[in-house]
Amino acid sequence: SRLRQYEGGHSERYGGQLINIDSNMADGWIAYQPQSLSMDQTTNNIARSDITSFITNVPPIVQAMHFFTQSTGWVLSGNHLFSTTTGSVDWRDITPQGQFSIISVFFLNASDGWVMSLSSDESTMTLFHTSDGGSSWQSNLFLSLNSDDAPVDKGYMKFIDSQFGWVVLKNSTSSNLSKGRLFKTINGGITWSEVAIPIGEPAVFVNNTFGWTAGGVIGEDLYKTTDGGISWVAQTIISTDTFTGTLTYSLPVFDNTQNGAVSVVISDTIHKEARVYVTDDSGASWVLSATIPIASYVSLNMAAPIEILDARHWIIFDPSVIPNLPPNITSFDFSALASGWVYTSNGNCTRDFNTGAILGCSFDRSLLQTVNSGNTWTEREIPRTYNVYLPSIIR
């Protein structure tokens, strides 16, 4: 028999490929067959001395994170929201009360933030708001779901100030589709109105009307709206007729309604490179500003390994650019060129030599910080809770 306690999906890297899988909060054997049984009966057993470590030595998973400074930020881990003002020396659990799954978190600053949740029966979504850094929360019903609604796979939320915000709900669909719903608030999340979005991907707005979304099934879609999401127009920065391969657009970053930057990763069988384009006319035209060959493979389900800080500064997360870059990075967040955090995740499974049966899996997950542009990295504690669960028994 096994016990399993899941906490939602996350990214793991196996054989160089990044995939999204269920997260095991606890996973291990709880019943043990004696070693006197035949080889066929015992190939899936784990030695008694390994049982405890197999269950308890499961590193916590970073589902999302953002840091405003070197020392102040938040991390979503194990469906709990934590904040720190000491650079992870101390973590404070600021999770709103209730039984739900957190699908999106956004903070304007260390004080003002929002949490979007989905009820355990997936029938309602609730928005929580705090103005004191998570010490207290106010809640409003965001959306009631019925059987006709597509299941919610992911949520993306952004606010440009204390009043104007947007939420994208990505639908659970075939991997050949990218569909979602876009909602807009003009009163801090008290009420919401639904507008249009062409793909189920994150959206970013510079003001109440000017916004962008990027991604799609294989990452090559880019759209702009100038009427607050009522209509969207497809944008072309690089024509796919000029090469054979894949394009991966990131969300553009704008300093204002005129000046912005966007990254594009080009990958084919012979070369991989990151390009950064800039605009000073709201995206009507784009000028190539930088081209950087990248050494690592860019998979179709991996976000572009670039973080654009503003229209003039960006970071390429590749060993050819940052020689001391930690391996197996699945997410990153930089508050400045010199200061940032990365989360690394890697899993390895051991198989029986004769049968190929999986004997056990180990996980290596780390939260690392740099304050000198990646020249050195310091491992920081990943926050976690130690709740007691009544696990389901699978025989």
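Above this text sits the structure in question.
Overview of the structure. This is a predicted model, so every value here is computed, not measured.

1. Considerations on the overall build of the chain
- The helix and strand inventory of the chain stands at two helices and 30 strands.
- Considering the chain as a whole, with its 395 residues, one finds that 47% of them fall into the buried category.
- Partitioning the contacts of the chain with sequence separation of at least 6, the portion at a separation of at least 24 is 44%.
- Entry remark: accessible area of the chain is about 19,000 Å², with carbon and sulfur atoms responsible for 50%.

2. A few points about the pattern of salt bridges
- One pass over the full model with this rule turns up four salt bridges.
- Arginine 181 is the partner of aspartate 149 in a salt bridge, and the nearest nitrogen-oxygen pair spans 3.9 Å. Taken together, the residues span a long stretch of sequence, with aspartate 149 in the loop between strand S10 (138–144) and strand S11 (152–159) and arginine 181 in strand S13 (residues 180–185) at a distance of 32 residues.
- Aspartate 149 sits in the partly exposed class, given a relative accessible area of 23%.

3. With respect to the sheet that holds strand S6 (residues 92–93)
- The strand order across the open sheet built from four strands is S3-S4-S5-S6, with neighbouring strands paired in antiparallel fashion. For this open sheet the edge positions go to strand S3 (62–67) and S6, each flanked by a neighbour on one side alone.
- Sheet topology places strand S4 (residues 73–77) next to strand S5 (residues 80–84); five bridges connect them, and they run antiparallel. Counterpart to glycine 73 in the pairing with S5 is threonine 84.

4. Side note on the packing of aromatic side chains
- Tallying each qualifying case throughout the model produces 19 aromatic pairs.
- Arranged with centres 3.9 Å apart and planes meeting at 20 degrees, the rings of phenylalanine 317 and phenylalanine 332 form a pair that is stacked. With phenylalanine 317 in the loop between strand S25 (313–316) and strand S26 (329–334) and phenylalanine 332 in strand S26, this pair connects stretches of sequence that are 15 residues apart.
- The class of phenylalanine 332 is partly exposed, set by a relative accessible area of 24%.

5. Comments concerning the sheet that holds S10
- On the basis of which strands lie adjacent, the open sheet formed by four strands has the order S7-S8-S9-S10 and antiparallel pairing. Each end of this open sheet is capped by a strand with a single partner; those strands are strand S7 (100–107) and S10. Pairs of neighbouring strands in the sheet enclose a mean axial angle of 20 degrees, with direction left out of account.
- Sheet topology places S7 next to strand S8 (residues 113–119); seven bridges connect them, and they run antiparallel. Opposite phenylalanine 100, over in S8, you have serine 119 as the bridge partner.

6. Structural notes on unusual backbone geometry
- Positive phi outside glycine occurs at serine 282, with the angle close to 65 degrees.
- Inspection of the secondary structure assignment puts serine 282 in the loop between strand S22 (272–279) and strand S23 (287–293).

7. Some points on the state of the cysteines
- Under the defined criterion, the tally for this structure stands at one disulfide.
- Between the sulfur atoms of cysteine 349 and its disulfide partner cysteine 361 the distance amounts to 2.1 Å. Note on the cysteine 349 and cysteine 361 pair: the S-S dihedral is about 100 degrees, so by sign convention the disulfide is right-handed. Taken together, the residues span a long stretch of sequence, with cysteine 349 in strand S27 (residues 340–351) and cysteine 361 in strand S28 (residues 358–370) at a distance of twelve residues.
- In this structure cysteine 349 comes out as partly exposed when scored by relative accessible area, which is 36%.
- A residue is classified by how much of its surface remains accessible, and cysteine 361, at 24% relative accessible area, is partly exposed.

About the criteria used
- Residues numbered from 1 in each chain as written.
- Predicted model: local features only at pLDDT ≥ 70, side-chain atom pairs only at ≥ 80, totals over all residues.
- Heavy atoms only, no water.
- Helix = DSSP H or I, 4+ residues; strand = E, 2+ residues; numbered from the N terminus.
- Buried < 20%, exposed > 50% of the residue type's maximum accessible area, 1.4 Å probe, protein only.
- Contact = heavy atoms within 4.5 Å.
- Areas by Shrake-Rupley, 256 points an atom, 1.4 Å probe, with all protein chains shown as cover.
- Salt bridge = Lys/Arg side-chain N within 4 Å of Asp/Glu carboxyl O.
- Pairing = 2+ DSSP bridges.
- Phe/Tyr/Trp six-rings, centres within 6.5 Å; stacked < 30°, edge-to-face > 60°.
- Axes fitted to C-alpha atoms, helices over the stretch in contact; angles between N-to-C directions.
- Disulfide = S-S within 2.5 Å.

So far we have only geometry, and geometry alone does not tell us how the molecule works.
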